[in-house]
Every structure is written in structure tokens, then in C-alpha cells.
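# Coordinate inspection notes
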Amino acid sequence: MTEAKKRDFVTQIITLVEENQEVLTDKGFDPTERVDELKNKKTTADTAEIEQQEAAAKAKEATAEANRTLDDAYNDASDFADLISGLLGKDDELVKKMRKFRK
């Protein structure tokens, strides 16, 4: 069962029992405590879901920022390697080693 269906089921049970509380009370069962318990659990689950969604959004933003900053660092390193290559020449051993890293 999906998460959405589980949430909907809990909500529907609460509503159904509240709407039919008199029938249950007439049969000797007071559902108030159980309904209150379900409401509290649903509220806790809803709050946790919101926190999970916020964390996922933050993780997505953090991933995008990490990728942006890594691309920036890579481009700077690449430009730096090009500068050194221009200074030393493409046949210099240091330049040859740097070229191996780009592959």
C-alpha cells in the first residue's frame, strides 16, 4: 500500500468512527480514546512527512550547490593547467602529468 493510501485510510477511519460514534457507544464501546490516539499518530506522521520533504529539498539544493562549486573548481584547475602548459610548453614533464589527470 502506498504512503498516500495509508494516510488516506487513517483519515477515513477517523472520520467514519467519529460520524458513527453513537452506534459504537450504544454497543458498549467508546472509541474516543482510540480516535484521539489515531489523530495524534497521524499528526506526528504528517509532521514527519513535512520534515522529510524539507530535508529532501535541502539535499537537492545541496547537491546542486556541490555540483556548481565542483564545476567552478574544475574549470579553475583546468585554466591553471592551461596556464602552466603555456609557460612550460606541452612537452614538459609536469604538463604531461597534468594532461593524464584530465582523462
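This text goes with the structure placed above it.
Residues numbered from 1 in each chain as written. Predicted model: local features only at pLDDT ≥ 70, side-chain atom pairs only at ≥ 80, totals over all residues. Heavy atoms only, no water.

### Overview of the overall build of the protein chain
Along the protein chain, the regular secondary structure elements total 4 helices and 0 strands. Start at the N end of the protein chain and walk to the C end: the helices and strands fall as α-α-α-α. Computed over C-alpha atoms, the radius of gyration of the protein chain comes to 31 Å, more than 25% over the 13 Å expected from 2.2 N^0.38 for 103 residues, which places it beyond the range of a compact globule. Structurally, the protein chain occupies a C-alpha span of about 95 × 20 × 15 Å along its principal axes. The burial tally for the protein chain puts 9% of its 103 residues in the buried class. Long-range contacts, defined here as pairs at least 24 residues apart, represent 39% of the contacts in the protein chain between residues at least 6 apart. Surface summary for the protein chain: the accessible area is close to 8700 Å², and the carbon and sulfur share equals 57%. A gap of 11 Å separates the mean positions of the 18 positive and 24 negative side-chain charges of the protein chain. (Helix = DSSP H or I, 4+ residues; strand = E, 2+ residues; numbered from the N terminus. Rg over C-alpha atoms; globule rule 2.2 N^0.38 Å. Buried < 20%, exposed > 50% of the residue type's maximum accessible area, 1.4 Å probe, protein only. Contact = heavy atoms within 4.5 Å. Areas by Shrake-Rupley, 256 points an atom, 1.4 Å probe, with all protein chains shown as cover. Lys, Arg positive; Asp, Glu negative; His and termini not counted. Charge placed at Lys NZ, Arg CZ, Asp CG, Glu CD.)

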